[in-house]
There are 2 protein chains.
Amino acid sequence: MENMEKVFTPAVAGMQASAIREIFKLIDKQDVISFAAGIPAPELFPAKEWAKITSDILNNAPAGALIYGVTEGYAPLREVTKERTRRLGAFGDGDELVMTTGAQQAIDLTAKVLLEVGDGVIVEKPSFIGSLNSFRSYGAELYDVDVEDDGLNVEQVEALLKEHGNIKFIYTIPTFQNPSGTTMSVEKRKALLDLAKKYNVFILEDNPYGELRFAGEAVPTIKSFDDDNHVIYAGTYSKTLAPGLRVGFVSGRKDVVDRIVVVKQVNDVHTPVLNQMMVHEYIKNYDYDGHIAACSQEYGKKCALMIEEMEKHFPSSVKFTRPEGGLFILCTMPEGVDAKEVLGDAIAQNVAFVPGNTFMTDIDAPSNIFRLNFSVTTEESIKKGIKILGDVLKKYA
Amino acid sequence: MENMEKVFTPAVAGMQASAIREIFKLIDKQDVISFAAGIPAPELFPAKEWAKITSDILNNAPAGALIYGVTEGYAPLREVTKERTRRLGAFGDGDELVMTTGAQQAIDLTAKVLLEVGDGVIVEKPSFIGSLNSFRSYGAELYDVDVEDDGLNVEQVEALLKEHGNIKFIYTIPTFQNPSGTTMSVEKRKALLDLAKKYNVFILEDNPYGELRFAGEAVPTIKSFDDDNHVIYAGTYSKTLAPGLRVGFVSGRKDVVDRIVVVKQVNDVHTPVLNQMMVHEYIKNYDYDGHIAACSQEYGKKCALMIEEMEKHFPSSVKFTRPEGGLFILCTMPEGVDAKEVLGDAIAQNVAFVPGNTFMTDIDAPSNIFRLNFSVTTEESIKKGIKILGDVLKKYA
């Protein structure tokens, strides 16, 4: 079957496997201090509670957990999720919500219902590669705007909206952004929403980290200011409970969510019911808000330690963000330094991070930024790893 | 946001929610004898075994089950699945395999990597609506060919391949087809493969029911005759273990599967690891082949009983298939009778089935066929329900 000219659709043929996940494979094989992760600390997963929950379900009433479920999601979890999302101001009248197989599926199916080949999406620079690749897989054009300390550059957004008539939505992670760790100001949230209204495009607000605040004051979701259904909102239990369960959700105006349900039906029929029940029974029977507070406190301690060690050991030419929540710190090296090259040196010293090119629309261009995760590593490894990394960075200062 | 002209991509805007799943919602609300299901019997799920398995995993070594996994799938299950697929002649040299979130995702992601708007797919008439809707969601043209007692009409396939240059693959469920219950002969399998080679298109062989044989002789998979990588093979643990776990797979030539991995990464990152471990630990520690044999025997008894009752109570003008495995019997009423109308009457008598239009490329056209499931209902309900259905059918004889 060699002479088959066009096996793959062009959008898919041009895709590359996530560089982050390729790095993970490398790290798995070595005894490396990894700051490359993007996950909560495994020792904080409520595993014992889930052992009891799954045992109860599978011993006493297994059928409901093991037969097909409805595409919209396990009804009790869907209700709890609506209620929690409403508390964040992110679920309004006329909105609907569907449980998804992780927030990644929320992003991907939203893209599928909205994007045709040649449509445009405004994205943050840097941004989450999984979302960028999803948009690419439907043949979308990506237009990027800078992320500043108080969120994306709104002027750049308007310039792009003026210039390009093909833009369908603006994709943003406004709170504890991945990879920058920064949070968009209220002013910018309102300005962005005004632009979405003015140019009649959607905002896809991706908020996986928003509940993991360990400092500063809560900032309302963009969705909470949305009086005209311009915001589609994606959330997840991956960062507060366990990413491996793959339980997320997407909500927004009913006609959009109804379409997402239809494409989810042909994508995976439904998110596994047992996994949804594990999340629901945990929230119902245990102190989920207390768990989130405890996780946030732990991450805050580790973040503070990491910044303290970075201040001690990093050359002053390396700048970094000071997040008030989430999982990540973003570092910026002097112009011209290539984070991929630095990563090679760091891995030779058994320390890993994620180089900036993987967060860019052009992943082949060199980037002088890199992302550090502080949630997974032990305090001892943070001290040891940051010192090693500091020595590596001095060569590039 | 009312004046936004084209919110949805045209392919997605034209999709309808699965009529089968809409029927399920109706049935859920009533005390109905349902022959509409498409699932194994819940009392045969190894729930107690999984209670022990999940308890062991979550109490003793939870992290691996709850953190992110690799997109390709949980390695031990992937190996076992390759081995079992190899036993069916369906995994060859140069092939690769990726675990998916149910076989639905295997179908959907295969479609995504192969189909552009305007590409063609040859499908069986009748066929599985979830697959047809997935192909539609990428803007594909569907061309249908009749399913006969020994499988699809091969002459019709060749005529379509001659006429339409846009065809990318032929989609078939060759063994215990859904909804017909029929099995394609070896001769037709070989002829179909020859056509795929001659016209340089893929075959997507969907085999969810193949292991559930309760009569007759095993027929080799189409893939087992494939010496030139024209067959992409989709399988699942949904019909032998539990559909709610959402664990399936797709295998075939490496470059195709590699592309599927890339789009799966942006679709749901990976299939939940705990669910994959549940399947793997069950296969490793218990008698999975014995379980399949026991399920098949049970379904064979129920199928025989249903046919016996149908022969007693159905008017002779209603014809039906006599499957040697799987979960379904297909009934054909006299020309001009509309199964949707009959369903209305049957539901009024608290009996449900799936009307034929839901298995067609044109779901709005009336159809004189309907599908009966025999795996889920008790023997008592089969007797009672078939008698009631026979009385309903007599009005249309």
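Colleague: Looking at this model, I keep getting lost on the interface of chain A and chain B. Mind explaining?
Modeller: It is common to give the size of an interface as the accessible area lost on bringing the parts into contact. Between chain A and chain B, the residue contacts involve 85 residues of the former and 85 residues of the latter. Summing both sides of the interface, chain A and chain B together bury roughly 7,000 Å²; the carbon and sulfur share of this comes to 60%. The closest approach of N and O atoms between Lys-112 of chain A and Asp-108 of chain B, which form a salt bridge, is 3.8 Å. At the boundary of chain A and chain B, one finds 27 residue pairs in polar contact (both at pLDDT 80 or more). Elements represented by at least two residues in the side of chain A that touches chain B include exactly α1 (10-13), α2 (19-28), α3 (47-60), α4 (63-66), α6 (102-114), α7 (129-137), α10 (254-267) and α11 (273-285) of chain A. For the side of chain A that touches chain B, the per-class residue count stands at 42 nonpolar, 27 polar and 16 charged.

Colleague: Explain the relation of the copies chain A and chain B here, please?
Modeller: Each of the two chain copies can be brought onto the other by rotation about an axis and movement along it. Between chain A and chain B, which share one sequence, the superposing operator has a rotation angle of 180 degrees and an axial displacement of 0.0 Å; the RMSD is 0.0 Å. The transformation just described matches what one would write down for a two-fold rotation axis. Here 100% of the contact residues of chain A are again contact residues in chain B; the copies associate through an equivalent surface.

Colleague: Before we go on, may I ask you to explain the side chain of Lys-264 of chain B in this structure?
Modeller: Residue and element names in this part refer to chain B. Along the chain, Lys-264 falls in helix α10 (residues 254-267). When its relative accessible area of 0% is taken as the criterion, Lys-264 is described as buried. Among the polar contacts made by the side chain of Lys-264, one reaches the side chain of Thr-271 at a distance of 2.9 Å. Sequence-distant contacts of Lys-264, defined by excluding residues within four places in its chain, comprise Thr-71, Val-98, Met-99, Thr-100, Thr-101, Gln-105, Leu-109, Val-269, His-270 and Thr-271.

Colleague: For this particular structure, what's the right way to read the nonpolar core?
Modeller: Burial of nonpolar side chains together is a common tendency in soluble globular proteins. Among the nonpolar cores identified, the biggest contains 213 residues, and Phe-135, Phe-314 and Leu-372 of chain A together with Phe-135, Phe-314 and Leu-372 of chain B are the most heavily contacted of them. Excluding residues that lie within four positions of it along the chain, Leu-372 of chain B makes contacts with Phe-35, Met-306, Met-310, Phe-314, Leu-327, Phe-328, Ile-329, Cys-331, Phe-353, Ile-386 and Leu-389 of chain B.

Colleague: What's the story with the side chain of Lys-112 of chain B in this structure? I'm lost.
Modeller: Considering the arrangement of structural elements, one finds Lys-112 of chain B in helix α6 (residues 102-114). Polar contacts involving the side chain of Lys-112 of chain B include one to the side chain of Tyr-138 of chain A, which spans 3.1 Å.

Colleague: Which parts of the structure should I look at to understand the pattern of salt bridges?
Modeller: Where charged atoms from two side chains of opposite charge approach closely, those side chains can pair. All names here are of chain A. Applying the stated criterion across every chain yields a total of 56 salt bridges over all chains. Between Lys-188 and Asp-150 there is a salt bridge, with the nearest N and O atoms lying 2.7 Å from each other. Of the two residues, Lys-188 sits in helix α9 (residues 186-198) while Asp-150 sits in the loop between β4 (141-148) and β5 (151-152), which places them 38 residues apart along the sequence. A relative accessible area of 12% means that Lys-188 is categorised as buried.

Colleague: Where do I start with the sheet that holds strand β10 (residues 319-320) of chain A in this structure?
Modeller: Sheets are built from strands paired through backbone hydrogen bonds, the pairs being either parallel or antiparallel. All names here are of chain A. The strand order across the open sheet built from four strands is β10-β11-β14-β13, with neighbouring strands paired in antiparallel fashion. The open sheet terminates on both sides in strands that have one partner only, identified here as β10 and β13 (354-355). Direction of pairing for β13 relative to strand β14 (residues 369-373): antiparallel, over a ladder of two bridges. Bridge assignment links Val-354 to a residue of β14, and that residue is Arg-371.

Colleague: Would you explain the environment of Leu-152 of chain B in this entry?
Modeller: All names here are of chain B. Tracing the backbone shows Leu-152 in strand β5 (residues 151-152). Residues Leu-152 and Ser-185, spaced 33 residues apart in sequence, show a C-alpha to C-alpha distance of 9.4 Å. If we ignore the near neighbours within four places in the chain, the residues touching Leu-152 are Glu-124, Val-145, Asp-146, Val-147, Val-157, Thr-172, Met-184, Lys-188 and Leu-192.

About the criteria used
Residues numbered from 1 in each chain as written. Chains lettered and ligands numbered in written order. Predicted model: local features only at pLDDT ≥ 70, side-chain atom pairs only at ≥ 80, totals over all residues. Heavy atoms only, no water. Contact = heavy atoms within 4.5 Å. Buried area = accessible area lost by both parts, 1.4 Å probe. Salt bridge = Lys/Arg side-chain N within 4 Å of Asp/Glu carboxyl O. Polar contact = N/O pair within 3.5 Å; in protein donor to acceptor, adjacent residues only side chain to side chain. Helix = DSSP H or I, 4+ residues; strand = E, 2+ residues; numbered from the N terminus. Nonpolar A, V, L, I, M, F, W, Y, C, P; charged D, E, K, R; others polar. Least-squares fit on C-alpha atoms with pLDDT ≥ 70 in both. Buried < 20%, exposed > 50% of the residue type's maximum accessible area, 1.4 Å probe, protein only. Core = buried A, V, L, I, M, F, W, Y, C linked by side-chain atoms within 4.5 Å. Pairing = 2+ DSSP bridges.

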